Amino acid sequence: GFIAPMYTPSGIADIQHAISHGFDVEDHSFGHFPDFTDAPYSLTSPPTESAANYEPMFTDNGTPECCTSGMSVLGEAGVSKWLLENDLGISVQAFRAGYLDNPPDLMRGLSEIGYRRDSTYALALTRGSFPFVLFDVDDTVTPNVVTTYRLMEYPVTISEDQVPALDSTTINDYLSAWENIIRINYNNNAPTIVLIHPIDTQIRFQILQQLLTDLQNQGLDLWVGDMKTFGQFWEAQGVTNSRWP
């Protein structure tokens, strides 16, 4: 139920349409399962996940986050990346997990699969908008062991997936809050990454149009673009050279 409606011939046609109009297409997992946070690194040792054998299955038993069998980090991130690159002839370098779920081995998996960028962490967790080199800290040993990955995190700053929901009665509240966040980041020369879901597209297109118009009218000298272009710019500043192994 979490896979079939998305990756279909019509869905692929929509993606191809987006690519032809200059959009950057990246990865959002294979099945977008609600219990992805429980995913193991791999289903086998050594890993064997591939498009030919990866068959996760979600069973809805009435609880919000139950239950997916046959799911793994390498399957969700690796198989989906391979499908997009193989079917569309593109290079997929960025990932964002469904529901912003973060399994324990996600970053290790993304790094080993070959991703360069991730946006699974939200601003509420990172407490800052600037991208940073991803790392793990093993605090079970003394001294602690820090592992860095060849992967940059681009924290999600703004999302319309909030309560109360974005609609015609709340759009002005959303606009006010978003513009305030963007101005604060602007004053600190910090980026703002906006997450918009492709549902109820009319209201979402309306808020994006109004947001850009308001910011332009306020005279803010902003660049607006896609994750790939921003990532290439940011990483070209040398922020990764001394930390990536």
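Colleague: Tell me what's going on with the overall build of the chain, and back it up with residues and numbers.
Modeller: Regarding its fold elements, the chain presents seven helices and eight strands. What you see for the chain is a C-alpha radius of gyration of 19 Å, in line with the 18 Å of a compact globule of 245 residues. Counting only C-alpha atoms and orienting by the principal axes, one finds that the chain spans roughly 55 × 45 × 40 Å. In the chain, which comprises 245 residues, the share counted as buried stands at 38%. Long-range pairs, those at least 24 residues apart, make up 69% of the contacts in the chain with a sequence separation of at least 6. Summed over all atoms, the accessible surface of the chain reaches about 14000 Å², with 53% contributed by carbon and sulfur. Here the chain contributes 11 positively and 31 negatively charged side chains, and the mean placements of these two sets differ by 9 Å.

Colleague: For helix H2 (residues 73-88), give the residues involved together with the corresponding values.
Modeller: Over its 16 residues, H2 extends 22 Å from the first C-alpha to the last, a length consistent with the 22 Å expected when each residue adds 1.5 Å. Within the sequence span of H2, burial applies to Val73, Leu74, Gly75, Glu76, Ala77, Gly78, Val79, Ser80, Lys81, Leu83, Leu84 and Leu88. Residues of H2 that are buried sit in contact with helix H1 (9-20), strand S3 (94-95) and helix H3 (106-113). A side-chain oxygen of the first residue of H2 lies 3.0 Å from the backbone nitrogen of Gly75; this N-cap is Ser72. Backbone geometry just downstream of H2 places Gly89 in the positive-phi region, at approximately 70°.

Colleague: Hey, could you go over the pairing of strand S5 (residues 132-138) for me, with residue numbers and the actual values?
Modeller: As paired strands, S5 and strand S6 (residues 145-153) are joined by six bridges and run antiparallel to one another. Looking at the pairing, Val137 lines up with Val146 of S6. In this antiparallel pair of consecutive strands, S5 and S6, the connection spans six residues.

Colleague: Any details on H3? Residues and values, ideally.
Modeller: Along H3, the residues classified as buried are Leu106, Met107, Gly109 and Leu110. Buried residues of H3, viewed axially, fall in a sector of 160°; they line one side.

Colleague: I'd like a description of the packing of aromatic side chains, backed by residues and values.
Modeller: Enumeration over the complete set of coordinates arrives at six aromatic pairs. Seen from their ring centres, Phe230 and Trp234 are 6.0 Å apart, and the 45° between their planes marks the pair as tilted. Placement of both Phe230 and Trp234 in helix H7 (residues 227-235) is noted, with a separation of four residues, approximately one turn of the helix. Accessibility assignment for this pair places Phe230 and Trp234 in one class, buried. Members of the aromatic cluster, joined through ring pairs, are Phe130, Tyr154, Phe230 and Trp234. The ring of Tyr115 has Lys81 sitting right over it, with the charged end atom 5.6 Å from the ring centre.

Colleague: Can you break down the pattern of salt bridges residue by residue, with the values?
Modeller: The tally for this structure, following the rule as stated, stands at seven salt bridges. Residues Arg117 and Glu235 are paired through a salt bridge, measuring 2.9 Å at the closest nitrogen-oxygen approach. Of this pair, Arg117 sits in strand S4 (residues 117-118) while Glu235 sits in helix H7; the two residues are 118 residues apart in sequence, bridging distant segments of the chain. For Asp200, the salt bridge identified is with Arg204, shortest N-O distance 4.0 Å. For Asp200, a relative accessible area of 55% puts it in the exposed group. Relative accessible area serves as the criterion here: at 8%, Arg204 is assigned to the buried category. When salt bridges with common partners are traced through the structure, they connect Asp105, Arg108 and Glu112 into a single cluster.

Colleague: Outline the packing of H2 against H3, supporting the account with residue identities and numerical values.
Modeller: Two elements in contact, H2 and H3, have axes whose closest approach is 9 Å; the angle formed by their N-to-C orientations is 30°. In terms of their interaxial angle, H2 and H3 are classed as roughly parallel. For the element pair H2 and H3, the recorded crossing hand is right-handed. In contact with Val73, Leu74, Ala77, Gly78 and Lys81 of H2, H3 contributes Leu106, Gly109, Leu110 and Ile113. Among the residues making up the contact of H2 with H3, the classes are represented as six nonpolar, two polar and one charged.

Colleague: How would you explain a nonpolar patch on the surface if you had to name every residue and give the values?
Modeller: A contiguous nonpolar surface patch, about 270 Å² in accessible area, is contributed by Phe135, Val137 and Val146. Mapped onto the elements, Val146 comes out in strand S6.

The rules behind the values
Residues numbered from 1 in each chain as written. Predicted model: local features only at pLDDT ≥ 70, side-chain atom pairs only at ≥ 80, totals over all residues. Heavy atoms only, no water. Helix = DSSP H or I, 4+ residues; strand = E, 2+ residues; numbered from the N terminus. Rg over C-alpha atoms; globule rule 2.2 N^0.38 Å. Buried < 20%, exposed > 50% of the residue type's maximum accessible area, 1.4 Å probe, protein only. Contact = heavy atoms within 4.5 Å. Areas by Shrake-Rupley, 256 points an atom, 1.4 Å probe, with all protein chains shown as cover. Lys, Arg positive; Asp, Glu negative; His and termini not counted. Charge placed at Lys NZ, Arg CZ, Asp CG, Glu CD. Expected span 1.5 Å × (residues − 1). Polar contact = N/O pair within 3.5 Å; in protein donor to acceptor, adjacent residues only side chain to side chain. Pairing = 2+ DSSP bridges. Arc of directions from axis to C-beta. Phe/Tyr/Trp six-rings, centres within 6.5 Å; stacked < 30°, edge-to-face > 60°. Lys NZ or Arg CZ within 6 Å of the ring centre and 35° of its normal. Salt bridge = Lys/Arg side-chain N within 4 Å of Asp/Glu carboxyl O. Axes fitted to C-alpha atoms, helices over the stretch in contact; angles between N-to-C directions. Parallel < 35°, antiparallel > 145°, perpendicular 65-115°, else oblique. Left-handed = near helix turned anticlockwise from the far one by under 90°. Nonpolar A, V, L, I, M, F, W, Y, C, P; charged D, E, K, R; others polar. Patch = residues over 30% accessible without salt bridge, like charges linked within 9 Å, V, L, I, M, F, W, Y side chains within 5 Å.

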